[in-house]
Number of protein chains: 2
Amino acid sequence: MTQNKNKPRIVTQAERRDLGFAATREVLIRCGMEVLTEQGFAATGLDALLRRATVPKGSFYHYFGSKADFVREVMKAYDAFFCRKLDRALNNESLAPSERMRAFVEDAKSGMAKYQYTRGCLVGNLSQDVEALPEDYRVALDNIVQGWQRKVARCLELAREAGEIEASADCEALAEFFWIGWEGAVMRARLVRNSTPLDTFIAGFMAGLPRPRSSKSGRKQTS
Amino acid sequence: MTQNKNKPRIVTQAERRDLGFAATREVLIRCGMEVLTEQGFAATGLDALLRRATVPKGSFYHYFGSKADFVREVMKAYDAFFCRKLDRALNNESLAPSERMRAFVEDAKSGMAKYQYTRGCLVGNLSQDVEALPEDYRVALDNIVQGWQRKVARCLELAREAGEIEASADCEALAEFFWIGWEGAVMRARLVRNSTPLDTFIAGFMAGLPRPRSSKSGRKQTS
């Protein structure tokens, strides 16, 4: 697909000259985030990444000791980026708590559509390769997902307090269920190159939420 | 982890001499299934695979035109293997239909535990790399998952007929929801190297199934 081959670089060489050398580390990190949301660690060659970022190898080693160290920093930056994205949706007080989950999904859908579903989740991509990665990556990736789960759990607790879901609901378990499935939904959306799996997943998740007995908003259909 | 580095070959060289040359294609396919459930396409080098299978390169090209052709055959073999696995659980008439889903999960859990959670789903692994793969893989992978989904949908239809789930339940959508999430659960189980994500996912899925109004078996807790 030509649109995939010709994806724009995040910062052109000319722009980077304007930004100055200090921006190089930032450019490398952002380029790493782009590449590692598209493919796994094994498929990501340092040479190709540096060509894409238009950064010479010497500069790379000025900032990072190795490809493995670099990817550690990329993971941290991705986590920070993703936490901001989650917070925007899940802390949006103009929406009912359970609607904030849908808002997150709508935002994620736009994000995937913008890159023709070529980019998925960096954590999912690295998780798939985890056997071949440095052992500390496993802990780092798990910690990142735990952090995202806590945000969703807090949002579900607000939904519980608001009476949108049952008082006895286990919000931690529901949040874990959400993230387990969400990574699968992102993977499938990349496979079929459309948003249907994301829609199917959130519809199924919302429909399956335990509703208070008096509620009229319980599951009718999965989609 | 030493147990991962020293995984036994599926057929030793001595055994293969006994089996005769005709078994070579079979050995290569089975070895391909092992390797591609552990890692993606990009990480799978042909030389390493042939060393693992103890098959010379010349023999490989006697059976397969290229690595890409080989992986097409591995996908077909994995699909056949996995369909048998699914049928065993989902057609088990000694179990209530919805219990057959749990039986599949228990079988999958044993399968993952047997290899210390180093092996996941070949379809998931290839899906993660899909941008870099031949375009026909995308269709093939989607067709495989659609086939698995139809099996689960049929099982859920039986559950609906048996009154275990609501008469108005959309079994196709529920089956799609299941498979989307299940791939995420397998990925997470590999990340954390235990079966908790598989348990969390099936508990969440079963708890969220739409139960008939008169049923006492509806969702109480996700886990």
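All figures in this text were calculated on a predicted structure; none of them were measured in a lab.

A. Just the overall build of chain A, in detail. Secondary structure assignment for chain A yields eleven helices and zero strands. The order of helices and strands in chain A, counted from the N terminus, is α-α-α-α-α-α-α-α-α-α-α. The buried share among the 223 residues of chain A stands at 55%. Counting contacts in chain A only where the partners sit at least 6 residues apart, residues at least 24 apart contribute 68% of the total. A total of about 9,700 Å² of accessible surface is found on chain A, and carbon and sulfur atoms cover 51% of it.

B. A look at the pattern of salt bridges. Within this structure, the stated rule accounts for 34 salt bridges over all chains. One salt bridge connects B:Lys151 with B:Asp87, and the closest N-O pair in it is separated by 2.9 Å. You can see B:Lys151 sitting in helix α9 (residues 135-161) and its partner B:Asp87 sitting in helix α6 (residues 67-90), a full 64 residues away along the chain. Sharing partners across several salt bridges, the network here consists of A:Glu34, A:Glu38, A:Arg52 and A:Arg119.

C. Main features of the side chain of B:Asp129. Structurally, B:Asp129 is set in the loop between α8 (122-128) and α9. The charged side chain of B:Asp129 is buried without a salt bridge, its nearest counter-charge being A:Arg190 at 6.7 Å. Of the polar contacts made by the side chain of B:Asp129, one reaches the backbone nitrogen of B:Phe41; its length is 2.8 Å. The contacts of B:Asp129, once residues within four sequence positions are left out, are A:Gly40, B:Gly40, B:Phe41 and B:Ala42.

D. Looking closely at the relation of the copies chain A and chain B. Once turned by 180° and shifted 0.0 Å along the axis, chain A lies on chain B with an RMSD of 0.0 Å. Considering both components of the superposition, the chain copies are consistent with a two-fold axis. When the interface residues of chain A are mapped onto chain B, 100% of them are again interface residues, pointing to one common binding face.

E. A look at the side chain of A:Lys151. Given a relative accessible area of 17%, A:Lys151 falls into the buried group. Not counting residues up to four positions away in its chain, the partners in contact with A:Lys151 are A:Cys83, A:Leu86, A:Asp87 and A:Leu90.

F. Seen up close, the interface of chain A and chain B. In this assembly, 54 residues from chain A lie in contact with 54 residues from chain B. In total, chain A and chain B occlude about 4,500 Å² of area from one another, counting both sides; carbon and sulfur atoms represent 55% of this. Its largest share of buried area at the contact with chain B, chain A owes to A:Gln128, A:Arg188 and A:Leu191, together 16% of the area lost on that side. For the interface between chain A and chain B, the tally reads two salt bridges. A:Arg193 is the salt-bridge partner of B:Glu135, the closest N and O atoms lying 3.4 Å from each other. Joining chain A to chain B, the criterion identifies twelve residue pairs in polar contact (both at pLDDT 80 or more). Residue assignment for the side of chain A that touches chain B shows that the elements contributing at least two residues are α8 (122-128), α9 (135-161), α10 (171-192) and α11 (196-208) of chain A. Ranked by residues supplied to the side of chain A that touches chain B, first place goes to α10(A) with 15 residues.

G. Representation of the confidence of the model for chain A within the structure. Residue and element names in this part refer to chain A. For chain A, the average pLDDT comes to 88, and 86% of its residues sit at 70 or higher. Throughout residues 1-6 the model reports pLDDT below 50, and contacts reaching past four residues in sequence, or to other chains, amount to six contacts. Below a pLDDT of 50 lies the segment residues 216-223, which in the model reaches 25 contacts outside its immediate sequence neighbourhood of four places, other chains included. Across the interface, the model reports ipTM at 0.87; the global pTM reads 0.87.

H. View of the packing of aromatic side chains. Scanning the entire structure with this criterion turns up 49 aromatic pairs over all chains. When the centroid spacing of 4.4 Å and the interplanar angle of 35° are considered together, the rings of A:Phe82 and A:Trp148 count as tilted. With A:Phe82 in helix α6 (residues 67-90) and A:Trp148 in helix α9, this residue pair connects regions lying 66 residues apart in the sequence. By the burial criterion, A:Phe82 is buried, and A:Trp148 matches it. Taking NZ or CZ as reference, A:Arg119 lies 3.6 Å from the ring centre of A:Tyr115, over its face. The ring centre of B:Phe41 lies 4.0 Å from the NZ or CZ of B:Lys67, which sits over that ring.

Rules behind the numbers
- Residues numbered from 1 in each chain as written.
- Chains lettered and ligands numbered in written order.
- Predicted model: local features only at pLDDT ≥ 70, side-chain atom pairs only at ≥ 80, totals over all residues.
- Heavy atoms only, no water.
- Helix = DSSP H or I, 4+ residues; strand = E, 2+ residues; numbered from the N terminus.
- Buried < 20%, exposed > 50% of the residue type's maximum accessible area, 1.4 Å probe, protein only.
- Contact = heavy atoms within 4.5 Å.
- Areas by Shrake-Rupley, 256 points an atom, 1.4 Å probe, with all protein chains shown as cover.
- Salt bridge = Lys/Arg side-chain N within 4 Å of Asp/Glu carboxyl O.
- Lys, Arg positive; Asp, Glu negative; His and termini not counted.
- Polar contact = N/O pair within 3.5 Å; in protein donor to acceptor, adjacent residues only side chain to side chain.
- Least-squares fit on C-alpha atoms with pLDDT ≥ 70 in both.
- Buried area = accessible area lost by both parts, 1.4 Å probe.
- pLDDT = per-residue confidence, 0-100.
- Phe/Tyr/Trp six-rings, centres within 6.5 Å; stacked < 30°, edge-to-face > 60°.
- Lys NZ or Arg CZ within 6 Å of the ring centre and 35° of its normal.

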